[in-house]
Amino acid sequence: MRFSTAGGPFFRHLRLWHAVPVSLVLVAVVAFLVLRPSDGARSVPDSPCRPVDSAREDAPAGPDLDGDGFVDLVHEISAREMKVDVVVVPGSEHGPDHDRTTVLTQEDLGVPDEIYTGDEAWQPTVADLDEDGHADLVVSGAAQILWGGPKGPQADGPHGRVPLPGSGYSTAPIAGDFDGDGHMDLAVFRSSNEEPELVVLKGPFKRSGAPARTVEIPSPVHEGASPVLFAGDANDDRATDLALYDSPWDPPLLFTGGARTASGLSKEPERLPEGENVVFGDFDGDGRQDVAVGRSFVDGDDEIDTPHRRGQVGVRYGKEPGKWVTMDGGDFKEGFGAGLAAADFNGDGCDDLAVQLTRKKETGDARIEVLRGGSEHGLGSKPWRTTKRSAPGVDGPRDGALFSVHDWDGDGRAELALLGEDRWWITDGTNRDEATFPLTPSKD
């Protein structure tokens, strides 16, 4: 990636290339394995997982803006007062290459001044919307597009803008093939007080940013809610499914894709067990997607006391779609389940589950535990890997929060990307860093 370098705290949510997943309907008693970390790719005994012998040769499951086969670290943040910037750290065989970092400013992106900005960082949407074989970048609630090319999206390259109906958008739309027709679509929630709704924009998209069709769905959540959207395949039908979560007064909702509706999403969503995040992964290696829901019991407002109980992660395995397994974790009031991410950390062919523990969501308190997948029952109940990072902050230390999970160096094993205050850490979930570097490049 040949971008020019320019200058330019805590995250509540994971999104798919975007922006990273209870009180449960059924509790099952499960025997779990306590497993130790391993540097090698090994199958769990009697597990269906299969080791990855070498780096995967297929396209990376993550944002690859320059098409070099390595996942890039991409995030959108209001690094300047009331301004939206996007920082791109290109991927390499050694992971994110901080020396080639670029900052695309609000002016570079063409984002209008009146767009809503906040103090949280998001993963912008990366997807090939115009089907030219190059990844495009969709940024901010303005849904501004920086079209891709052989060297990735360029500040002086072609721009577009997705025409969103009405107003009330705070984040960029997320991407997925919701109707299963082979064209990339976008979905976004409109938090308008007058007409809140879920908006699906059907692909392919023109270079102006115009979709083939726009479908507006009445809000499935209570008035005043602003749910996070998470896209993925929850039922192995190759059409993208859509989860809405972290909505006050509402449980997470799951719309299945590939339906015979105008949007491609099921007419009515499935109500999942109560929780604040949702992820999909194959934790038992049976080839079926599983669903995990996290419930930390920690309120988004730090002034509200957390109940004296452990956080939970609920899992529904694809082989038993009517059954939920509950795992309590951490100590009382420690917020186990505040963040989730699914990935294969040891290359054994089964997804593992990274779980964030957070006592207070606004104070930058975080620890990450990884539950290993691949046992006879799926996920182990005890932490297999545990990690925590801290950086000095204005009001005290800020812990590195779970931002994203990908195979950053292409070796067939995923790593965590943690972000705290103004520093990145790339780690395999232990106390060993693959890399650590500042949030934005030095201006020197």
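What counts, and at which threshold
Residues numbered from 1 in each chain as written. Predicted model: local features only at pLDDT ≥ 70, side-chain atom pairs only at ≥ 80, totals over all residues. Heavy atoms only, no water. Helix = DSSP H or I, 4+ residues; strand = E, 2+ residues; numbered from the N terminus. Buried < 20%, exposed > 50% of the residue type's maximum accessible area, 1.4 Å probe, protein only. Areas by Shrake-Rupley, 256 points an atom, 1.4 Å probe, with all protein chains shown as cover. Phe/Tyr/Trp six-rings, centres within 6.5 Å; stacked < 30°, edge-to-face > 60°. Lys, Arg positive; Asp, Glu negative; His and termini not counted. Salt bridge = Lys/Arg side-chain N within 4 Å of Asp/Glu carboxyl O. Polar contact = N/O pair within 3.5 Å; in protein donor to acceptor, adjacent residues only side chain to side chain. Contact = heavy atoms within 4.5 Å. 1 Å grid on protein atoms, 1.4 Å probe; cavity = no way out; pocket = protein on both sides within 12 Å on 5 of 7 lines; lining within 4 Å. Points joined across faces, edges and corners; volume = space filled by probe spheres on them. Core = buried A, V, L, I, M, F, W, Y, C linked by side-chain atoms within 4.5 Å. Pairing = 2+ DSSP bridges. Axes fitted to C-alpha atoms, helices over the stretch in contact; angles between N-to-C directions. Patch = residues over 30% accessible without salt bridge, like charges linked within 9 Å, V, L, I, M, F, W, Y side chains within 5 Å. Charge placed at Lys NZ, Arg CZ, Asp CG, Glu CD.

### Comments concerning the overall build of the protein chain
Here is step 1: Each helix and strand counted, the protein chain has one helix and 29 strands in total.
Here is step 2: Each of the 444 residues in the protein chain was classed as buried or not, and the buried ones make up 58%.
Here is step 3: Counting only carbon and sulfur atoms, one obtains 47% of the accessible surface of the protein chain, whose full area is about 18,300 Å².

### Digging into the packing of aromatic side chains
Here is step 1: Per the counting criterion, the structure on display carries two aromatic pairs.
Here is step 2: A centroid spacing of 5.0 Å and a plane angle of 75° characterise the contact between F403 and W424, whose relative ring orientation is edge-to-face. Here W424 lies in strand β28 (residues 423-427) and F403 lies in strand β26 (residues 401-406), a separation of 21 residues in the sequence.
Here is step 3: Residue class for F403 comes out buried when judged on its relative accessible area of 3%.

### Digging into the side chain of D241
Here is step 1: One can find D241 in strand β13 (residues 241-245).
Here is step 2: R316 provides the closest opposite charge to the buried, unpaired D241, separated from it by 8.4 Å.
Here is step 3: Of the polar contacts made by the side chain of D241, one reaches the backbone nitrogen of A234; its length is 2.6 Å.
Here is step 4: Not counting the four nearest positions on each side in its chain, D241 is found in contact with F178, F230, A231, G232, D233, A234, N235, L254, F255, T256 and G257.

### Digging into empty space enclosed by the protein
Here is step 1: Reported here for the largest cavity is a volume of approximately 50 Å³.
Here is step 2: Lining the largest cavity are eleven residues, and of these P63, D72, V74, Q123 and S404 sit closest to its centre.
Here is step 3: Elements with a minimum of two residues in the lining of the largest cavity: β1 (73-80) and β26.
Here is step 4: Tallying contributions element by element places β26 first for the lining of the largest cavity, with three residues.

### Thoughts on the nonpolar core
Here is step 1: Core analysis: the biggest nonpolar cluster contains 27 residues, and V278, F280, A292, V313, V315, L353 and L379 have the highest contact counts within it.
Here is step 2: Elements that contribute at least two residues to this core include exactly β12 (228-232), β13, β16 (277-281), β17 (290-295), β18 (311-316), β19 (325-329), β20 (336-343) and β21 (352-357).
Here is step 3: Beyond its immediate sequence surroundings of up to four residues, F280 is in contact with F230, A231, G232, D233, A234, A243, L254, Q289, D290, V291 and A342.
Here is step 4: With 17 residues, the next largest nonpolar core counts I174, F178, L198 and L244 among its residues.

### Some points on the environment of R238
Here is step 1: The topology assignment puts R238 in the loop between β12 and β13.
Here is step 2: Placed 59 residues apart in sequence, R238 and D179 show a C-alpha to C-alpha distance of 9.5 Å.

### Let's talk about the sheet that holds β28
The strands making up a sheet are joined through hydrogen bonds of the backbone, oriented either antiparallel or parallel.
Here is step 1: Judged by pairing direction, the sheet is antiparallel, and its four strands sit side by side in the order β26-β27-β28-β29 without closing on themselves. Lying at the two open borders of the sheet, with one neighbouring strand each, are β26 and β29 (433-438). In this sheet, adjacent strand axes meet at a mean angle of 20° when their direction is disregarded.
Here is step 2: In this sheet, strand β27 (residues 415-420) lies alongside β26 in antiparallel orientation, the contact comprising five bridges. Considered in β27, the bridge of V405 is made with L416.

### Brief notes about the pairing of β29
Here is step 1: Bridging between β28 and β29 involves five bridges; their strand directions are antiparallel. Within β29, the position partnered with I426 by the bridge is A435.
Here is step 2: Between β28 and β29, which follow one another and run antiparallel, lie five residues, and G429 among them has a positive phi close to 100°.

### Details of a negative patch on the surface
Here is step 1: Together, D299, D301, E303 and E362 make up a region of like negative charge exposed at the surface.
Here is step 2: Looking at the element boundaries, E362 is found in the loop between β21 and β22 (367-371).

### Looking at the pattern of salt bridges
Here is step 1: All chains considered together, the criterion is met by 19 salt bridges.
Here is step 2: Note that K388 is salt-bridged to D365, the shortest N-O span being 3.9 Å. You can see K388 sitting in the loop between β23 (385-387) and β24 (390-391) and its partner D365 sitting in the loop between β21 and β22, a full 23 residues away along the chain.
Here is step 3: Where R432 meets D428, a salt bridge forms, and the shortest distance between an N and an O atom there is 2.2 Å.

### Observations regarding the sheet that holds strand β15 (residues 270-271)
Here is step 1: An order of β12-β13-β14-β15 is seen for the four strands of this open sheet, with the pairing classed as antiparallel. A single partner strand is all that each edge strand has here, and the edge strands are β12 and β15.
Here is step 2: Pairing of β13 with strand β14 (residues 253-255), which is carried by three bridges, proceeds in the antiparallel orientation. Paired with A243 across the strands is L254, a residue of β14.

Limitation: the analysis is restricted to geometry and does not speak to function.
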